[in-house]
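Given next are the chains, with one letter for each unit.
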Amino acid sequence: MEHLGSYIYIVSAGLFILSLKWMNSPATARRGVFAGETGMLLAIVGVLVANHITNWEWILAAFFIGTAIGVPIAYIMPMTAVPQRTAMSHACGALAAALVGTAEFYRANRLHETLPTFVMVALMLETLLGFLTFTGSLMAMGKLQEVLPQRPITYKNQNTVNFVLFAIAVVLGVRLVMVPTDIWIFPVFAGLSLLFGILLIIPIGGADMPTVIALLNSYAGLSACAMGFALGNNLLVVAGALDGSSGLILSIIMCKAMNRSFTNVLFGAFGQIQTSAAKTQQRPYRSASAEEASSILEAASSVIIVPGYGLAVAQAQHKIRELYDSLMRRGIDVKFAIHPVAGRMPGHMNVLLAEADIPYDRLFEMDDINGEFGQCDVALVIGANDVTNPAARTDKSSPIYGMPILDVDKAHTVMVIKRSMNPGFAGIDNDLYYMDKTLMLFGDAKAFVTEIIKELPAKVGA
Amino acid sequence: MDLSIGLFVFMLATFVGLEIIRKVSPLLHTPLMSLTNAISAISVVGAILITGAEGATMLSKVLGFIAITAAVTNIVSGFLITDRMLKMFKKREEKK
């Protein structure tokens, strides 16, 4: 039976790879989910046939409870809460890995089994990564849910403290590998990993969440992978490695989109855009009413909408869909420009706009649409800030200098829906708002778009 | 398991993963993340092994129980929510 199990694992691993491969286009993506589900089902069947499993009541109860929690989460969770849910599932996955590592450590110790060194190393890595990802993801979830402040929390010598803690955890881990009988060390090791996870995420601001979530995704995968080494199971290694590399790629993409180096992120020194003492000098800007905005939109022949996190906060996606419909009906060409780090997780804006039934062939990536701003009549910025700041191109002293941005400032007219002139919490003033061709539309994104739509039909035929 | 075989598998899987994920459209990065999340809940396999081992102690059973619950939550909600998101991605209908 053991052989049968291994063969099932091989099929399952193949299905996981296909599953991710089919994610490359929306046309095949749902097939990918099906492949993934089948792979997972086979994996569970595989472990049940290949091993002599007892304690069924525990296993079945856990399956039942897990399903009872999982189904409502999947169906009730509003799309705007997807980043939180993702952070939560990183936490769950990492917790599972960490607890399995813990149980395995105590099991081997109780039976006085001497595990090979590499298995011990894998166990320690699994536990360390698992626990730190667990608390780290919970912190990220708290920040995304705004239970915790989104602002970075910093204190003196933060990096030193973090580094020392991490170093102690690693030293204890090494000690456990060499002398596994020092059981008392294990809880300390686990506790430090948990603490380190918290401290790692505390200094990170909301705008850096896309990178952090992707990175935590990678860590969760790697801890599953380490479990594969510890338990001698290649399927776990493959699935963990796939998840790990996926998180890695996404975080690299996010880093590039923010012009941060990857090492900068890996070592947790991120999120520390030092707010250069905000220059509070008043500069003139122009604002406009919903009525004026709608007549400008109506006169345009091409409009590019630039969504950002503010759209998610205001839950304005359905109203934007109405605006899109109403403009398209007038023969105005409407496109959406999506910056890779817009929102709080990779792809966040796409999901929200898709939820509102905006066709995905209207959503354009930064590199594909940047050339079009020059010919576009109106760029409508909704809840996006730093990703449109021209200072990133020109001002070497700006903290975001070098970050690739959407060339919104090249459009003939720019309109920005924003609650007030307050710079975002990154504290960076946006030169875009002070340009002659820029009109500021003050208000809540949803409310303001509703106003604009109201003004539009009244003018048909007028 | 032989360490070298494990590392070999790890190396190959990582390269395959990197190549495949690179081709995923940025449009689908959020569903991708929830899908890989569900897949990494493969740790359910390890959790079952720990819980269901003969002579498992109470500690193993309790830890394993929590681990299975967490992993199954991820599997179920991960796959379902990915599908729910993907259903929303539609092309424009042909102009009448």
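Because the structure is predicted, anything quoted here is derived from the model rather than measured. (Residues numbered from 1 in each chain as written. Chains lettered and ligands numbered in written order. Predicted model: local features only at pLDDT ≥ 70, side-chain atom pairs only at ≥ 80, totals over all residues.)

K.L.:
Give me the packing of helix α4 (residues 82-110) of chain A against helix α4 (residues 58-88) of chain B: which residues, what numbers.
P.N.:
Contact geometry for α4(A) and α4(B): axes closest at 8 Å, N-to-C directions at 155°. What the angle tells us is that α4(A) and α4(B) run roughly antiparallel. The handedness of the crossing between α4(A) and α4(B) comes out as left-handed. (Axes fitted to C-alpha atoms, helices over the stretch in contact; angles between N-to-C directions. Helix = DSSP H or I, 4+ residues; strand = E, 2+ residues; numbered from the N terminus. Parallel < 35°, antiparallel > 145°, perpendicular 65-115°, else oblique. Left-handed = near helix turned anticlockwise from the far one by under 90°.)

K.L.:
Residue-level account of the nonpolar core, with values.
P.N.:
Ranked by size, the top nonpolar core spans 197 residues in total, and within it A:Val306, A:Ala379, A:Val381, A:Ile382 and B:Ile42 carry the most contacts. Those residues in contact with A:Ile382 that sit more than four places away from it in its chain are A:Ile305, A:Val306, A:Pro307, A:Gly308, A:Gly310, A:Leu311, A:Ala316, A:Ile320, A:Ile417 and A:Ala445. (Core = buried A, V, L, I, M, F, W, Y, C linked by C-beta atoms within 7 Å. Buried ≥ 20, exposed ≤ 12 C-beta atoms within 10 Å, placed from the backbone. Contact = placed C-beta atoms within 7 Å.)

K.L.:
How would you explain the confidence of the model for chain A if you had to name every residue and give the values?
P.N.:
Per-residue confidence for chain A averages 88 on the pLDDT scale, and 93% of its residues sit at or above 70. Here residues 268-278 of chain A is modelled with pLDDT under 50, and outside its nearest four sequence neighbours on either side it reaches 25 contacts, counting other chains as well. (pLDDT = per-residue confidence, 0-100.)

K.L.:
Describe the pairing of strand β6 (residues 413-418) of chain A, naming the residues involved and giving the relevant values.
P.N.:
Residue and element names in this part refer to chain A. Of all 6 residues in β6, 5 are buried; the element is thus mostly enclosed. Looking at chain direction, strand β5 (residues 378-382) and β6 are connected through 5 bridges and run parallel. Looking across to β6, one finds that Ala-379 is bridged to Val-414. Alignment of β6 against strand β7 (residues 438-442), held across 5 bridges, turns out to be parallel. What sits directly across from Ile-417, in β7, is Leu-441. (Pairing = 2+ DSSP bridges.)

K.L.:
Lay out the interface of chain A and chain B with the relevant residues and their values.
P.N.:
Tallying the contact residues gives 98 residues for chain A and 78 residues for chain B. Of all elements in the fold, only α1 (2-21), α2 (26-50), α3 (56-76), α4, α8 (209-231), α9 (234-258), α14 (348-355) and β4 (363-365) of chain A reach the threshold of two or more residues within the side of chain A that touches chain B. For the side of chain A that touches chain B, the element with the highest residue contribution is α4(A), accounting for 18 residues.

K.L.:
Can you break down the packing of helix α5 (residues 117-144) of chain A against α8(A) residue by residue, with the values?
P.N.:
Residues and elements named next belong to chain A. The interhelical angle for the contact between α5 and α8, taken along N-to-C directions, is 155°, at an axis separation of 8 Å. When the interaxial angle is binned, α5 and α8 end up roughly antiparallel. In the crossing of α5 with α8, the sense of the turn from one axis to the other is left-handed. In the contact of α5 with α8, the residues fall into 19 nonpolar, 5 polar and 1 charged. (Nonpolar A, V, L, I, M, F, W, Y, C, P; charged D, E, K, R; others polar.)

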